[in-house]
Amino acid sequence: MAQQNTGASQLAKLTRPGALNGGTDPRALYLKLFSGEMFKGFQHNAIARDLVMKRTLKNGKSLQFVYTGHTKAEFHTPGNSIMGNSDGAPPVAEKTITCDDLLISSAFVYELDETLAHYELRGEISKKIGYALAQKYDRLIFRAIAKGARQASPVKKSGNTFEEPGGTQIRVGTGNAADAYDATKLVDAFYDAAAALDEKGVSSDGRVAVINPRQYYSLINTVSSGVITSGLINRDAQGTALQSGQGVVEIAGIKIYKSMNIPFFGSYGTKYGSASATNPGITSPGNVGSFVGETAEDGRASVTGINNNYGNATDFANSCGLIFQKEAAGVVEAIGPQVQVTSGDVSVVYQGDVILGRLAMGADFLNPAACVELIAGAAVGSTGNAAFGTSYPANA
């Protein structure tokens, strides 16, 4: 039985105060209350700065690092004079890291917009500027480490005697790029890398690996009868600790981090599409936007603002992870990360303020023996993972 009159028999003629000029939407004029929150873009952690050697640069354009090589010992023959090593050992060489031009990120905030807005603008914009600088910082360092993994040591005598160890590249599996996500093959690569670092005399302190999120989850999700069997140490870590990707778990004494800023088959962090020698064949989850899986930009010294050589996208066509020790790379900072805001007459003239984030830094590998690059889909030394910037000391 109907409880309300409808149609022509309706007794009351309503006035809808929420309708705009008597329009069809009865709620058009009702206030949209602000929730007090702004949806923030998901930020990728900046981790590289604390994993390598960082130095402050003052009163100069570059910083010099000096290498000292090995020498030999021998038994003394009675009656013989000791006049030093006849080979002139130990050999000494240098490496220089130059500061790139000023790196900036900025936004102009119009004063009237701030007055009318019912949410706080400046703090959020400042955060986004900081994130942009941190992301660039990470990407340059990771590219420098991959570069170092392809280099011979600069320390050697003429005739290639007394030569120190250089970098290491390890192929994950023997198939196409999809091997980069195979947990068993990744674990094998980790142990191979640890052995190579041991053999080359690299300290076990400060060894880390940086891989992408899917690789990390592939490792921690390799289970048999509820027990992790992937070779991870710290098996007691559970929940957020296990899944954080912040160096909680280890393989062969190598702490594992996840990042979307590593070179990954010519892109950053991930790559979607059909499986091939340069694509692991992962299906896109959809709606990834403009900043997921960005193609690596040209980072060679010929690019305006760059004074080191961070390679081109094609140089990382087979790269899928990094394993390194703290001495692998160095960062020189002339100006640390800062945020500046205009004021005074400038604000009066333009009726607003520029929020500027700035940073002056340069990065490059230091000890190539401490650099290990994981590759997949091609043999070591192929076109997509060949050495570049091989001329010491600047390697530009």
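Residues numbered from 1 in each chain as written. Predicted model: local features only at pLDDT ≥ 70, side-chain atom pairs only at ≥ 80, totals over all residues. Heavy atoms only, no water.

(A) Representation of the overall build of the protein chain. For the protein chain, the count of helices and strands is six helices and 16 strands. Split into buried and exposed, the 396 residues of the protein chain put 41% on the buried side. Across the protein chain, contacts joining residues at least 24 apart in sequence account for 73% of those joining residues at least 6 apart. With the model as given, the accessible surface of the protein chain reaches about 21,200 Å², and the carbon-plus-sulfur share is 52%. (Helix = DSSP H or I, 4+ residues; strand = E, 2+ residues; numbered from the N terminus. Buried < 20%, exposed > 50% of the residue type's maximum accessible area, 1.4 Å probe, protein only. Contact = heavy atoms within 4.5 Å. Areas by Shrake-Rupley, 256 points an atom, 1.4 Å probe, with all protein chains shown as cover.)

(B) Region of the structure containing the sheet that holds strand β14 (residues 329–341). Spatially, the four strands line up as an open sheet ordered β1-β14-β15-β4, and their pairing is mixed. Strand pairing shows two members of the sheet lacking a second neighbour, β1 (53–56) and β4 (103–110), which therefore form its edges. For this sheet, the mean inter-axis angle between neighbouring strands, taken without regard to orientation, is 25 degrees. The pairing of β1 with β14 spans four bridges and is parallel. Within the sheet, the bridge partner assigned to Met53 lies in β14 and is Gly330. Lying on the sheet, helix α2 (residues 122–148) is in contact with β1, β4, β14 and β15 (352–365); it crosses β15 at an angle near 15 degrees. (Pairing = 2+ DSSP bridges. Axes fitted to C-alpha atoms, helices over the stretch in contact; angles between N-to-C directions.)

(C) Structural view of the pattern of salt bridges. Enumeration according to the criterion identifies 13 salt bridges in this entry. Note that Glu294 is salt-bridged to Arg139, the shortest N-O span being 3.0 Å. Of this pair, Glu294 sits in the loop between β12 (267–268) and β13 (319–324) while Arg139 is found in helix α2, placing the two residues 155 residues apart along the sequence. In this structure Glu294 comes out as partly exposed when scored by relative accessible area, which is 23%. For the salt bridge of Asp179 with Lys185, the shortest nitrogen-to-oxygen distance reads 2.9 Å. Judged by relative accessible area, Asp179 falls into the buried class, the value being 8%. Salt bridges here are not isolated pairs; linked through shared partners, they connect Lys95, Lys147 and Asp364. (Salt bridge = Lys/Arg side-chain N within 4 Å of Asp/Glu carboxyl O.)

(D) Focus on the packing of aromatic side chains. Inspection of every chain in the model, using the stated rule, returns five aromatic pairs. Ring centres of Phe316 and Phe388 lie 6.0 Å apart, and the angle between their planes is 80 degrees; on these two criteria the pair is classed as edge-to-face. Highlighted residues: Phe316 in the loop between β12 and β13 and Phe388 in the segment after β16 (371–375), separated in sequence by 72 residues. We classify Phe316 as buried; its relative accessible area is 0%. Judged by relative accessible area, Phe388 falls into the buried class, the value being 9%. Taken together, a centroid distance of 5.9 Å and an interplanar angle of 90 degrees make the contact between Phe365 and Tyr392 edge-to-face. With Phe365 in strand β15 and Tyr392 in the segment after β16, the pair connects residues that are 27 residues apart, well separated along the chain. We classify Phe365 as buried; its relative accessible area is 0%. (Phe/Tyr/Trp six-rings, centres within 6.5 Å; stacked < 30°, edge-to-face > 60°.)

None of the figures reported here should be taken as evidence of function without further support.
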